[in-house]
Amino acid sequence: MDELTASKPPLRVLIAAPRGFCAGVDRAIQIVELALERFGAPVYVRHEIVHIRFVVDRLRQLGAIFVDELDEVPDDRPVVFSAHGVPKSVPQSAQARNLTYVDATCPLVSKVHRQAERLIEEGRHILFIGHSGHPEVIGTFGQVPDGSITLVETVEEAQSVAVPESVELAFLTQTTLSVDDTAAIVDALKARFPSIRAPRSEDICYATSNRQAAVKAIAPECDRMLVIGAPNSSNSLRLAEVAERIGVPARLIERASDIDWDWLGRPAILGLTAGASAPEVLVREVVDALRERFEVTEEIADHTPERMIFKLPRELTSSPAFAGEGDRT
Ligand code: SF4
């Protein structure tokens, strides 16, 4: 053992599994890459395709231009809509301008959109459990007429929310919520409105639930937890919350350079995970940074592998004949 190694304190790093990229994020990134191949640069992307700077910066280098709204997209360039989903008015505006567009909305978010439409067709009012201002919430609200859906963020709101009289109710949820918080809100809604219609299957997606369960599995052993993800990434924020609730101080970081070494101190066991929009290369970057200061032993938790894969839009995988003809997903 050389002098430098001998001077480093030991550190067990428990790496949660599963972690990192989900099938919806993987698909959204591939859609932008394929659109760049198919149409050439620049390809416009409405909103961050997924919430993480590393991925957004790499796509920007390849020729993607990120914009907030459709009116920033020139008529002659294609535009991709982000994985979080968009209100119906967005593709309608794109069609009105005859823009070429590709919708990278995660199929699990689209499933919630279709459920919302069906419930409104049945004449129900929807109580939507989610976080105000999140792009997925804005997208889902934009699937149904104004006033037909009400946001519920907390148990207290579930107990007090005003609902229209003589209208049957249903609830739906954002895909990236805390499993535990959502269960408490659902219980409060069911206690107050016994006949409220629940979704046929869970709206919180497999990736969100699995990553939270993986944190719960390792957190009891850990002194500290690092979660790789953006501060505006709902599923990543929930992972840090899950650890904190188990009593493990947790921090959200986007890159190794964000590690607050004073806060980290000298833990014996550090938990490490990554939100659904964080690639594995960032996990490796963090482990490498830890190795510079600690004698690291890595342990990856056992888990059942995820096998979810979503199909890419046909327009990007079929012959290029359609390019520039205004076809759309
Ligand atoms: S976190 Fe879930 S809903 Fe969001 S993109 Fe990934 S799989 Fe889809």
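Described in the following lines is the structure provided in the data block.

Structural notes on the pairing of strand β6 (residues 125-129)
- Most of β6 sits inside the fold, with 5 of its 5 residues counted as buried.
- Neither face of β6 is exposed, since His-125, Leu-127 and Ile-129 on one face and Ile-126 and Phe-128 on the opposite face are all buried.
- Inspection of the sheet shows β6 paired to strand β8 (residues 169-173) by 5 bridges, in the parallel sense. Looking at the pairing, Ile-126 lines up with Ala-170 of β8.
- Two elements, β6 and strand β7 (residues 149-152), share 4 bridges in a ladder whose sense is parallel. Bridge assignment links Ile-129 to a residue of β7, and that residue is Val-152.

Details of the sheet that holds β6
- Pairing is parallel in the open sheet, where 3 strands are placed in the order β7-β6-β8. Two strands lie at the open edges of the sheet, namely β7 and β8, each paired on one side alone. Sheet twist, expressed as the average angle between the axes of neighbouring strands with direction ignored, equals 25 degrees.

Here's the deal with the environment of Ala-250
- Of note, Ala-250 is situated in strand β10 (residues 250-253).
- Residue classification places Ala-250 among the buried residues on the basis of a relative accessible area of 9%.
- Ala-250 sits 96 residues away from Thr-154 along the chain, and the two C-alpha atoms are 22 Å apart.
- Once you skip the residues sitting within four places of it in the chain, Ala-250 turns out to touch Met-225, Ala-240, Ala-243, Glu-244 and Trp-263.

Thoughts on the layout of surface pockets
- Volume-wise, the largest pocket comes out at about 220 Å³.
- Lining of the largest pocket is provided by 15 residues; of these, Pro-91, Asp-103, His-113, Arg-114 and Gln-143 occupy positions nearest its centre.
- Of all the secondary-structure elements, those providing two or more residues to the lining of the largest pocket are β5 (101-103) and α5 (107-121).
- At 4 residues, α5 tops the list of elements feeding residues into the lining of the largest pocket.
- Residues belonging to the lining of the largest pocket are distributed by class as follows: 6 nonpolar, 5 polar and 4 charged.

Focus on the pairing of β8
- Taken across its 5 residues, β8 has 5 buried, putting it largely inside the fold.
- Burial along β8 is two-sided: the face carrying Leu-169, Phe-171 and Thr-173 and the face carrying Ala-170 and Leu-172 are both buried.

Considerations on the pattern of salt bridges
- Under the defined criterion, the tally for this structure stands at 22 salt bridges.
- Here Lys-216 ties to Asp-180 by a salt bridge, and the two come within 2.9 Å at their closest N and O atoms. Of this pair, Lys-216 sits in helix α9 (residues 206-218) while Asp-180 is found in helix α8 (residues 179-192), placing the two residues 36 residues apart along the sequence.
- Relative accessible area serves as the criterion here: at 33%, Lys-216 is assigned to the partly exposed category.
- In this structure, Asp-181 engages Arg-245 in a salt bridge whose closest nitrogen and oxygen atoms are separated by 2.6 Å. Of this pair, Asp-181 sits in helix α8 while Arg-245 is found in helix α10 (residues 234-245), placing the two residues 64 residues apart along the sequence.
- The exposure class of Asp-181 is partly exposed, given its relative accessible area of 29%.

Focus: empty space enclosed by the protein
- Scanning the model with the defined rule gives 1 cavity of 30 Å³ or more in all.
- In this structure, the largest cavity spans a volume of roughly 290 Å³.
- If you trace the largest cavity, you find 24 residues lining it, with Cys-22, Val-25, His-84, Thr-176 and Asn-235 closest to the centre.
- Every element with two or more residues in the lining of the largest cavity is listed here: α2 (23-39), α5, α9 and α10.
- Ranked by residue count, the leading element in the lining of the largest cavity is α9, at 3 residues.
- Residues that form the lining of the largest cavity fall into these classes: 12 nonpolar, 11 polar and 1 charged.

Regarding the packing of α9 against α10
- Closest axis-to-axis distance for the α9/α10 pair is 9 Å, and the angle between their directions is 25 degrees. Between α9 and α10, the angle is such that the two are roughly parallel. The handedness of the crossing between α9 and α10 is right-handed. Counted together, Thr-208, Arg-211, Gln-212, Val-215 and Lys-216 of α9 and Asn-235, Arg-238, Leu-239, Val-242 and Ala-243 of α10 form the full contact between these two elements.

Rules used in this analysis
Residues numbered from 1 in each chain as written. Predicted model: local features only at pLDDT ≥ 70, side-chain atom pairs only at ≥ 80, totals over all residues. Heavy atoms only, no water. Buried < 20%, exposed > 50% of the residue type's maximum accessible area, 1.4 Å probe, protein only. Helix = DSSP H or I, 4+ residues; strand = E, 2+ residues; numbered from the N terminus. Pairing = 2+ DSSP bridges. Axes fitted to C-alpha atoms, helices over the stretch in contact; angles between N-to-C directions. Contact = heavy atoms within 4.5 Å. 1 Å grid on protein atoms, 1.4 Å probe; cavity = no way out; pocket = protein on both sides within 12 Å on 5 of 7 lines; lining within 4 Å. Points joined across faces, edges and corners; volume = space filled by probe spheres on them. Nonpolar A, V, L, I, M, F, W, Y, C, P; charged D, E, K, R; others polar. Salt bridge = Lys/Arg side-chain N within 4 Å of Asp/Glu carboxyl O. Parallel < 35°, antiparallel > 145°, perpendicular 65-115°, else oblique. Left-handed = near helix turned anticlockwise from the far one by under 90°.

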